[in-house]
Each structure stands twice: as C-alpha cells, then as structure tokens.
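What the coordinates show
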Amino acid sequence: MRSCRHRYGDRFTVTLSQRVGPIVFFSSPDALQVILGGEDSELFDAPGELNALVEPLLGPQSLMGLSGSRHRRMRQLLMPSFHGERMRSYGQLIRDITEEVMSELVAGNVFPVRKAMQKISMRVILRAVFGLNQGPRYQELERLLGAMLDRMSNPFSLSALFFPMLRQDFGPLSPWGQFVRNREQVDRLIYDEIAERRNHPDASRNDILTLLLSARDEAGEALTDPELRDELMTLLVAGHETTATALTWALYWIYKLPTVREKLLRELQAVSGPLDPGVLFRLPYLNAICSETLRIYPVGLLTFPRVTRARVELKGSVLEPGTVVAGCIYLAHHREEVYPDPDEFIPERFLERRYSPFEYLPFGGGVRRCIGMAFAQFEMKLVISSILSSVELALADTRSARPVRRGLTSGPSPIRMMVK
Ligand code: HEM
C-alpha cells in the first residue's frame, strides 16, 4: 500500500480477488468522508455480498454478509448489547480473566505474548457472549474455536476462503475436511446452548445471548436459531482475534519504550482507591496509548468494500455506478500532514489534538462501523492496566516486531516476553 501510494498517489486501484474485482483505494480524509460519511450515504452502498468470503465461517445470516434493510435490522438488534451500562458490567469479568491468565505464567519463563492475549480475549468474548464460564460446554467451545480460528490464519485456509474451488472435503485429514468437521462441532455446542437457554430462560443474566433471545425487531419478530448461531459466531470471531492483536501490539510498545511505560505507570499510580473500570476508561494517557496502538498498525487495514450507487466525482476522478471502493485505514493513519513522523509511536499526539473520524478510523465508519468498538477499547484499557498493576514483564527479544498478515487482518510478528 505504501509503495502504491508512492507510485500512484492518493487514489489507486488494486485487484485483491477475482470475485470482487478491482477495488479503488482511498485514504484522504475528505474522500473518506464522502465514502463513509452519513449513516445512510446516498452515494455509496455497503453490500454484504462482497464480504461473502467469511460466509463459510460465519454463516449466511451473519451481520457482515447482510445488506440494506436486513443489515440495518440486524444492527439494531445487536447494538444494545454493546451500549454503555451493559458494557461496563463486563468490567470486573475482564479484570478477573486477565488475572486468571497472567497467574498461569511462571516467573523467569519466556512466553509468546499473542497466546496469552488470545486466551484472555477468547475467555472474555465467550463469557460476555454466552455468559459461560465453566463446565464442559465452555471448555469444548474454547478449545474448538481456538483451533478453528488458528487454522483460519494459516495461508491454505485463507486461500480456501478466497478461492471456493479449494473448498474440497477429502476426509477428516484434509485441511478443508478438518475445518468443516471443526465447524460442525462448534455449531452443535452453540445450538445446544441456544436450546438450553430457550428452555430455561433467566432474565437476570446479563450476557449477549440472553439479550438477543428476548430482542424483537420493528415487526415484533425474534431471531431464529440459525440467525442466532450466525450472529454469535460473528461476534466470537470478530471480537477475538482483533482484540488479541491490539493487546499484543499495545504490550509491545509499552515494554519497548520505557518513557511510555513510566508515564503510564505514573498515571495508574495516581488513581486514588481501587482501579474502577469507569475511572480507567477515562485515563488520558492510557487512552492515548490504545489509540496510538491502533493508529500505527491498524488491525483491519481496510474498511469493508463500498460500491457507488450512481456516477460519483471524487478527488478529481469519475467513478461509474457499481465501482467498488475501500477506505484504506493504514494509509489514512500514515499521512504526514495529519500525523507528523507517522512511523513513530507517539501517544502524546492524541493528547495534543483531536482527530476527525475520517483521519482516525481503526474501526471503520458509517453504516458498517465496528459494533464492538467501545467494547474493544474498554477491554484493552482494563487488560493493560490489570497487567501493569499485577506483574512485572520484560521483552525477551531485542529485535523489533513488524506487522505481518494474519488471516484477513494484520498483526505483529511473534513477540516473546518474560515474567520478572
Ligand atoms: C481492536 C479491536 C477491533 C478492531 C480494530 C475492529 C475493526 C473493525 C473494522 C475496521 C470493521 C469494518 C468497518 C467498516 O467497514 O467500516 C469492523 C467491523 C465489525 N466488527 Fe470490529 N473490530 C474490533 C473488535 C471487535 C469486537 C470486540 C467485536 C464484537 C464483539 C467486533 C465486531 C464487528 C462486527 C460484527 C463488524 C461488522 C459490522 C457490519 O458489517 O455492520 N469487532 N471491525
């Protein structure tokens, strides 16, 4: 992307997959404002069909694959699960899980940071989504989902998403065969959980599944079992890897840069009384570190594709109806005029300036903006502050980490740390 921008300027066209065809990349704030702008942009559609890539994993009813009014309806049903009070009720849970996972580490031992962060984010999302925290079903789900998502980040499985002809089930030992069997096992557990909850409703629970079981759309309709399965799977997949990656990067920067770490420790120590989740959420330097982490190497490099509804003139070029475009989050976050020294990790920039939603967009924007945005930010802050307040860590390698591709997202090359 950097070399394309260098060679062709702000706007360039790339073919990432034959199925979607050429995509025009944009990264200037004024172009992104037009593309992502209003909640119901008249110029651009955000068709779910272009995200069909994720269908084998998430299912045909997944929010990511829906378009138009069906997409709007599903967002309305899902959004309340991620609002203020409800989200804050997960605060203690996130702290407990972090302490649980960190206490499994042994002093003096070196550990892969991503593995520990994946464990935390998987447990957080499983408990927030299902309210499950023990028992054989929870353990099975944790194991099977972990295996399935790990598999999805290897190049073959990823290719199978891009090229449907590779989706051949040659038995349980073939890669696609393994994936299909794995998915069937996960589905069985999810459907069992849904059935049990329908048979024994408990309104006092505060997990997302409980909320979705009682949710009704404008026509008074409830979600069907297959709809529930696909949305639960979507939240588990979208909320697990992304947050684990963001946490891994954040710890890397904090332990790579002593001045950043010292400043953060001073801020945390200055909080009087227990570290209340509500107080933590508003700490300026902690917020700046999380923001800078998602700026310098955004987990999602691109927004989902959008398509022109009519002929659109944008930044001096004419886009015919049906042109596929994407917001390039990575390049938007590396514009020298917006972020001086864009390749440097400088949290202070977020204390000195407010950025518009088209200059800073790690969660995309408009009708498909990430629904887990507040949840992910909340989780990052709680996990980081819990780790810094409870264990002493150090990077085990002096080499710098670099961003590498991980499935459909981007994340750091392996980072190892040591518990001091
Ligand atoms: C640091 C963590 C995360 C990052 C960086 C991230 C980033 C993104 C981005 C870039 C998009 C595309 C937005 C667009 O096209 O405009 C997206 C969509 C989405 N995200 Fe996230 N995300 C994160 C965490 C989460 C979490 C925790 C959840 C749920 C629990 C979640 C659920 C979703 C869903 C369901 C969509 C699709 C929305 C739609 O199609 O309407 N994400 N995310």
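Residues numbered from 1 in each chain as written. Predicted model: local features only at pLDDT ≥ 70, side-chain atom pairs only at ≥ 80, totals over all residues. Heavy atoms only, no water.

Here's the deal with the overall build of the protein chain
Cut-off, in case you're wondering: A run of H or I in DSSP counts as a helix once it spans at least four residues, and a run of E counts as a strand once it spans at least two, with each numbered from the N terminus. In this treatment the radius of gyration is a C-alpha quantity, and the globule benchmark scales as 2.2 Å times the residue count to the 0.38 power. Each residue is assigned to one of three classes by its accessible area relative to the maximum for its type, calculated with a 1.4 Å probe on protein chains only: buried under 20%, partly exposed between the two thresholds, exposed over 50%. Here a residue-residue contact requires only that any non-hydrogen atoms of the pair lie within 4.5 Å. Within this scheme the basic residues Lys and Arg register as positive and the acidic residues Asp and Glu register as negative, but His and the chain ends are omitted. To locate a charge, the coordinates of NZ of Lys, CZ of Arg, CG of Asp or CD of Glu are taken.
Counting secondary structure elements, the protein chain contains 18 helices and 12 strands. Its C-alpha radius of gyration of 21 Å places the protein chain within 12% of the 22 Å reference for a compact globule of 420 residues. Based on the C-alpha atoms only, the size of the protein chain along its principal axes is roughly 60 × 55 × 45 Å. Taken across its 420 residues, the protein chain has 53% of its residues classed as buried. At a minimum sequence separation of 6, the contacts of the protein chain that also span at least 24 residues come to 72%. A gap of 4 Å separates the mean positions of the 52 positive and 49 negative side-chain charges of the protein chain.

Side note on the coordination of the iron atom of the ligand
Rules: Note that water is not among the atoms considered, so a metal site may appear incomplete; the donors listed are N, O and S atoms within 2.8 Å of the metal, with 3.2 Å applied to Na, K and Ca.
Just one protein ligand coordinates the iron atom of the ligand, and it is Cys370 (SG) at 2.3 Å. Locating Cys370 in the fold gives a position in the loop between helix 17 (349-352) and helix 18 (373-390).

A look at the packing of aromatic side chains
Defined as follows: For Phe, Tyr and Trp, rings pair up if their centres lie within 6.5 Å, where Trp contributes its six-membered ring, and each pair is then called stacked (planes under 30 degrees apart), edge-to-face (over 60) or tilted (otherwise).
According to the stated counting rule, one finds 13 aromatic pairs in the structure shown. For the pair Phe82 and Phe375, a centre-to-centre distance of 6.1 Å together with 90° between the ring planes defines the contact as edge-to-face. Of this pair, Phe82 sits in the loop between helix 4 (68-78) and helix 5 (84-88) while Phe375 sits in helix 18, and the two are 293 residues apart along the sequence. Classification of Phe82 by relative accessible area gives buried; the value is 9%. One aromatic cluster in this structure is built from Trp249, Tyr252, Trp253, Tyr297 and Phe345.

What to know about the sheet that holds strand 8 (residues 324-327)
Condition: Here a strand pair is declared whenever DSSP counts at least two bridges between the two strands. Every axis in this analysis is a line fitted to C-alpha atoms, fitted for helices over the stretch in contact. Angles between the N-to-C directions lie between 0 and 180 degrees.
Spatial ordering of the open sheet is given by 1-2-8-5-3, a layout of 5 strands whose pairing is mixed. Two strands close off the open sheet at either side, each with one partner strand: strand 1 (12-15) and strand 3 (44-45). Most of the contacts of helix 2 (residues 29-36) go to strand 2 (residues 22-26), to which it runs at about 125°, and overall it touches strand 2, strand 3, strand 5 (306-308) and strand 8.

Describing the side chain of Arg406
Using the following cut-off: We call two N or O atoms a polar contact when they sit within 3.5 Å, provided that within protein one can donate a hydrogen and the other can accept it, with sequence-adjacent residues counted only if both atoms are side-chain atoms.
Within the secondary structure, Arg406 sits in strand 10 (residues 403-406). Judged by relative accessible area, which is 15%, Arg406 ranks as buried. A distance of 3.3 Å separates the side chain of Arg406 from the side chain of Glu241, its partner in a polar contact.

Let's talk about the pairing of strand 8
Every second residue of strand 8 is oriented toward a common face, with Val324 and Ala326 on one face and Val325 and Gly327 on the other, all of them buried. Two elements, strand 2 and strand 8, share 3 bridges in a ladder whose sense is parallel. Pairing of Phe26 across the sheet is with Gly327, part of strand 8. Judged from the 2 bridges that link them, strand 5 and strand 8 form a sheet pairing that is antiparallel. Considered in strand 8, the bridge of Arg306 is made with Val325.

Describing the packing of helix 13 (residues 258-269) against helix 18
What counts here: Throughout this description, any angle smaller than 35 degrees is read as roughly parallel, any larger than 145 degrees as roughly antiparallel, any in the 65 to 115 degree range as roughly perpendicular, and the remainder as oblique. Each residue gets one of three labels, nonpolar for Ala, Val, Leu, Ile, Met, Phe, Trp, Tyr, Cys and Pro, charged for Asp, Glu, Lys and Arg, and polar for the others, Gly among them.
At their nearest, the axes of helix 13 and helix 18 sit 11 Å apart, and the two run at 90° to each other. On the basis of the axis angle, helix 13 is roughly perpendicular to helix 18. Seen from helix 13, the contacting residues are Arg261, Leu264, Leu265 and Leu268; seen from helix 18, they are Ile384, Ser385 and Leu388. Looking at side-chain class alone, the contact of helix 13 with helix 18 contains 5 nonpolar, 1 polar and 1 charged residues.

Considering the side chain of Ser291
With respect to the secondary-structure elements, Ser291 resides in helix 15 (residues 284-296). Apart from the residues lying within four places of it in its own chain, the contact partners of Ser291 are Phe350 and Tyr360.

Let's talk about unusual backbone geometry
The phi angle at Lys315 is positive, at roughly 50°, despite the residue not being glycine. With respect to the element layout, Lys315 can be found in the loop between strand 6 (312-314) and strand 7 (317-319). Take Lys315: its relative accessible area is 44%, and that puts it in the partly exposed class. The backbone of Asp341 shows a phi angle near 50°, a positive value even though the residue is not glycine.

Quick look at the nonpolar core
Spelled out, the test is: To define a nonpolar core, start from buried Ala, Val, Leu, Ile, Met, Phe, Trp, Tyr and Cys residues and group those joined through side-chain atoms within 4.5 Å.
Counting residues in hydrophobic clusters, the biggest one holds 116 residues, and the most contacted among them are Leu57, Met117, Phe130, Leu141, Met233, Leu264 and Ile384. Examining the composition of this core, we find that 16 residues originate from one element, helix 12 (residues 225-256), more than from any other. Those residues within four positions of Leu57 in sequence are excluded, and the remaining contacts are Met148, Leu149, Met152, Phe179, Arg229, Met233 and Val237. Membership of the second largest hydrophobic core comes to 15 residues, among which are Val24, Phe44, Val325 and Phe358.

Quick notes on the site of the ligand
As a reminder, the rule being used: By convention in this text, a residue qualifies as near a molecule or strand provided that one of its non-hydrogen atoms is within 4 Å of it.
What surrounds the ligand is a group of 27 residues, the closest being His71, Arg75, Arg306, Arg368 and Cys370. A distance of 2.7 Å separates an oxygen atom of the ligand from a polar atom in the side chain of His71. Between the ligand and Phe304 there is a distance of 2.8 Å, counted from an oxygen atom to a backbone nitrogen or oxygen. Sorting the residues of the shell around the ligand by element identifies helix 4 and helix 12 as the ones contributing at least two each. Tallied by class, the residues present in the shell around the ligand amount to 15 nonpolar, 9 polar and 3 charged.

Details of helix 13
Our working rule: The span expected for a helix works out to 1.5 Å for each residue beyond the first. The arc under discussion is defined with respect to the helix axis, by the directions toward the C-beta atoms.
Compared with an ideal rise of 1.5 Å per residue, which puts 12 residues at 16 Å, helix 13 spans 16 Å between its outermost C-alpha atoms and is within 8% of the ideal. All of the buried residues in helix 13 are Val260, Leu264, Glu267 and Leu268. Projected onto a plane normal to the axis of helix 13, the buried residues spread over an arc of 95° and lie on a single side. Counted as exposed and oriented over 90 degrees from the buried face of helix 13: Thr259, Arg266 and Gln269. Looking at the buried positions of helix 13, the neighbouring elements they touch are helix 12, helix 14 (277-281), helix 15 and helix 18.

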